[in-house]
Amino acid sequence: GENVEQHPSTLSVQEGDSAVIKCTYSDSASNYFPWYKQELGKGPQLIIDIRSNVGEKKDQRIAVTLNKTAKHFSLHITETQPEDSAVYFCAAAGGGADGLTFGKGTHLIIQP
Amino acid sequence: NAGVTQTPKFRVLKTGQSMTLLCAQDMNHEYMYWYRQDPGMGLRLIHYSVGEGTTAKGEVPDGYNVSRLKKQNFLLGLESAAPSQTSVYFCASTWNGRNTEAFFGQGTRLTVV
């Protein structure tokens, strides 16, 4: 089955700086790569996703890049703000019905 | 529009007791999922359903059963709870399979002593 590796497990950045979280996947059939943000005591919430026919996608301060050949994708957050502090999960999925395969998460800490 | 609602939010069980976690969604989604979240492990799929009356096993199904008698509800049962089932459980739903946005509930924190 699919295996998703996520790094780093903890990332601390100064407010206003950029943050980058990286993931690799193993199944070349995977074609959907979402990123979820989880705030303390809440369920994960989708912040951005990318499909395998696209190399990059942006939404304001958030961007995701995908390299299908190398089987890795990354989340980029620019001009970080205190409200960006949370746990971020990457995930991968193919076209089947079963659930997403998640990475183990990155705890992003924004230092004032 | 409540989205995905999980009941209860917290529960403490003794080893060997049974319980049922309820997930309800009001978005008319076909697909529903149960995940467990453990520290440093991410989210792992327990069981899922592709429509009313259907269920299937995920990555870690042992010790759990599920039912989807109504489209809007997905129940997760623990017949004989074990300390290894101490976890936070999340229900999610999607409109059309795993490659569309998943909407998660707030989670149920279960402790088995």
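Here, every reference points to the structure presented above.
As a starting point, this report considers the structure included with it. (Residues numbered from 1 in each chain as written. Chains lettered and ligands numbered in written order. Predicted model: local features only at pLDDT ≥ 70, side-chain atom pairs only at ≥ 80, totals over all residues. Heavy atoms only, no water.)

1. Let's talk about the state of the cysteines
Residue and element names in this part refer to chain A.
- Tallied over the full model, the rule gives 2 disulfides over all chains.
- Across a sulfur-sulfur distance of 1.9 Å, C23 and C90 are joined as a disulfide pair. Disulfide C23-C90: torsion about the S-S bond near -100°, hence left-handed. Note that C23 is positioned in strand β3 (residues 19–25) and C90 in strand β9 (residues 86–92), a separation of 67 residues in sequence. (Disulfide = S-S within 2.5 Å. Helix = DSSP H or I, 4+ residues; strand = E, 2+ residues; numbered from the N terminus.)

2. Concerning the layout of surface pockets
- The space that makes up the largest pocket amounts to roughly 740 Å³.
- For the largest pocket, the lining is made up of 31 residues, of which Q38 and L40 of chain A together with Q37, V88 and R109 of chain B are closest to its centre.
- Among the secondary structure elements, those contributing two or more residues to the lining of the largest pocket are β9 and β11 (106–111) of chain A together with β4 (31–38), β9 (87–94) and β11 (108–112) of chain B.
- Taken together, the residues of the lining of the largest pocket break down into 10 nonpolar, 15 polar and 6 charged.
- What the second largest pocket holds in volume is close to 480 Å³.
- Considering the residues around the second largest pocket, the lining is formed by 27 residues, among which E2, N3, T101 and F102 of chain A together with E59 of chain B are closest to the centre.
- Residues that form the lining of the second largest pocket fall into these classes: 9 nonpolar, 9 polar and 9 charged. (1 Å grid on protein atoms, 1.4 Å probe; cavity = no way out; pocket = protein on both sides within 12 Å on 5 of 7 lines; lining within 4 Å. Points joined across faces, edges and corners; volume = space filled by probe spheres on them. Nonpolar A, V, L, I, M, F, W, Y, C, P; charged D, E, K, R; others polar.)

3. Overview of unusual backbone geometry
All names here are of chain A.
- Residue P8 is bonded to the preceding H7 through a cis peptide linkage, with omega at -5°.
- Positioned with a positive phi, E79 is a non-glycine residue whose angle comes to about 45°.
- Tracing the backbone through its elements, the reader meets E79 in the loop between β8 (72–77) and β9.
- Looking at E79, the relative accessible area reads 52%, which means it is exposed. (Buried < 20%, exposed > 50% of the residue type's maximum accessible area, 1.4 Å probe, protein only.)

4. Considerations on the interface of chain B and chain A
- Facing 20 residues of chain B, the contacting portion of chain A comprises 22 residues.
- Here chain B packs against chain A, burying approximately 1,800 Å² in sum over the two surfaces, 54% of which is carbon and sulfur.
- Contact with chain A buries surface across chain B, with L43, R98 and N99 of chain B losing the most and accounting together for 39% of the total.
- Where chain B packs against chain A, one counts 0 salt bridges.
- Put simply, chain B and chain A have 3 residue pairs in polar contact (both at pLDDT 80 or more) between them.
- Considering only residue class, the side of chain B that touches chain A consists of 11 nonpolar, 7 polar and 2 charged. (Contact = heavy atoms within 4.5 Å. Buried area = accessible area lost by both parts, 1.4 Å probe. Salt bridge = Lys/Arg side-chain N within 4 Å of Asp/Glu carboxyl O. Polar contact = N/O pair within 3.5 Å; in protein donor to acceptor, adjacent residues only side chain to side chain.)

5. Notes on the environment of T15 of chain B
Residue and element names in this part refer to chain B.
- For T15, the position within the fold is in the loop between β2 (10–13) and β3 (19–25).
- Assessed through its relative accessible area of 49%, T15 is described here as partly exposed.
- Apart from the residues within four sequence positions on either side, T15 is in contact with A81, P83, V112 and V113.
- Within the structure, T15 has its side chain in polar contact with the backbone oxygen of V113 (distance 2.8 Å).

6. A word on the sheet that holds strand β7 (residues 62–67) of chain A
All names here are of chain A.
- Here 5 strands make up an open sheet; going across it, the order is β1-β3-β8-β7-β6 and the pairing antiparallel. For this open sheet the edge positions go to β1 (4–7) and β6 (56–59), each flanked by a neighbour on one side alone. Each adjacent strand pair in this sheet contributes to an overall mean axis angle of 15°, direction not counted.
- As paired elements, β7 and β8 share 6 bridges and run antiparallel to each other. Pairing of I62 across the sheet is with I77, part of β8. (Pairing = 2+ DSSP bridges. Axes fitted to C-alpha atoms, helices over the stretch in contact; angles between N-to-C directions.)

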